[in-house]
Amino acid sequence: MKPLRVPEEDLTSLNAPLKVSDRIVNSFFHILLCHSVNFALPPFSFVDSLVWSVFREKGFSAASKVFALARKNVDFVLVPFFDFSAEHWSLAILELRSQRITWYDSLGLFNSLNAHHLKALAAYWLQDSSVVSWPVQVETEPRQKNAVDCGVFVCLRALSAVDSSYNFESKECMLQERQFLKEVLLEGIINPLLPSDPCLDPCFDPLITFRDQVFHLSDINPDSLSALHKFSLNWHTRSVRKIRHPFRLRLKDDSKISIKPGEIFDFLNLIKHE
């Protein structure tokens, strides 16, 4: 699945405290879906936030067709919700196995009528009338500290729901998280430094051959490997692309491996698939 193309003006909204568009949210969810498949995370699907515009303008029948595009044979379904009256993003998670709904609202503006609409659409989608009686648990922590970060919170909360290694509660600087989202959307991948990456699994320690050097993954200095990942994520920036000298990857014995800029992505793929 290819991520949606995000217009430059939408990406620009991540540079400053501005509300993000549905294109940002839906594209991130597409990438998140690919991430879950690549790293064998619990299966999930998501509903395009367009469903709420359709519901508002064309009614239940038309909205149900959008909702029906989500897969059913999953553990849970992410439903980004945009409240037009409050101009506010929140995230509902349909937990199909436990038959309940968890609704994350970083401003505490939860409206039971919105939950009623969601239950009705989900019941029609699942062909199960009991959905309307599913309990709704509302979570309002962590709270956003301004009026514009709700869309960013929805994306980060979705990531933490899919990949438990991402500790959303520990994030303090939203400007950094906005930059993280922008990098994800530009690169089309989730940050490979998440602990779910098999490269960081202590049981995953392949023998790596790069040029004439042979070493184990565990022989690489973790800080140096993190720096290499960060360098790769910033590869789209002009300042990084101008760099011509090789990256010096340090091993724990203080020896170094010279990696040319053009070889970095090949090297990262090598240590993932050896």
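Residues numbered from 1 in each chain as written. Predicted model: local features only at pLDDT ≥ 70, side-chain atom pairs only at ≥ 80, totals over all residues. Heavy atoms only, no water.

For the protein chain, the name recorded in an unreviewed UniProt entry is Ubiquitin-like protease family profile domain-containing protein, with Bemisia tabaci as its organism.

Visitor: Give a description of the packing of helix α3 (residues 50–58) against helix α4 (residues 60–67) that names residues and reports values.
Guide: Contact geometry of α3 with α4 gives a least axis separation of 7 Å together with a crossing angle of 165°. What the angle tells us is that α3 and α4 run roughly antiparallel. Crossing hand, α3 versus α4: right-handed. When α3 is examined against α4, the residues V51, V54, F55 and K58 are found in contact with a partner set consisting of F60, A62, A63, V66 and F67. Classifying every residue of the contact of α3 with α4 gives 8 nonpolar, no polar and 1 charged. (Axes fitted to C-alpha atoms, helices over the stretch in contact; angles between N-to-C directions. Helix = DSSP H or I, 4+ residues; strand = E, 2+ residues; numbered from the N terminus. Parallel < 35°, antiparallel > 145°, perpendicular 65-115°, else oblique. Left-handed = near helix turned anticlockwise from the far one by under 90°. Contact = heavy atoms within 4.5 Å. Nonpolar A, V, L, I, M, F, W, Y, C, P; charged D, E, K, R; others polar.)

Visitor: Outline the packing of aromatic side chains, supporting the account with residue identities and numerical values.
Guide: How two aromatic rings sit relative to each other is set out by the distance from centre to centre and by the angle between their planes. For the structure on display, the rule yields 10 aromatic pairs. Taken together, a centroid distance of 6.4 Å and an interplanar angle of 70° make the contact between W52 and F55 edge-to-face. Residue W52 and its partner F55 are located together in helix α3, separated by 3 residues, close to a single helical turn. Residue W52 is classed as buried on the basis of its relative accessible area of 4%. Cluster of aromatic residues (ring-pair linked, three or more members): W52, F55, F81, W103 and F110. Against the face of F84 rests R56, its NZ or CZ located 4.5 Å from the ring centre. (Phe/Tyr/Trp six-rings, centres within 6.5 Å; stacked < 30°, edge-to-face > 60°. Buried < 20%, exposed > 50% of the residue type's maximum accessible area, 1.4 Å probe, protein only. Lys NZ or Arg CZ within 6 Å of the ring centre and 35° of its normal.)

Visitor: Account for the nonpolar core, with residues named and values stated.
Guide: If you look at the biggest cluster of nonpolar residues, it comprises 38 residues, and the most contacted ones within it are F28, F29, L32, L78, L156, L181 and L185. Elements with a minimum of two residues in this core: α2 (22–38), β1 (44–46), β2 (76–83), β3 (88–95), α6 (150–162) and α7 (174–187). The biggest single contributor to this core is α6, with 9 residues. Core analysis: the next-biggest nonpolar cluster, separate from the first, contains 25 residues, V54, F67, A70 and F81 among them. (Core = buried A, V, L, I, M, F, W, Y, C linked by side-chain atoms within 4.5 Å.)

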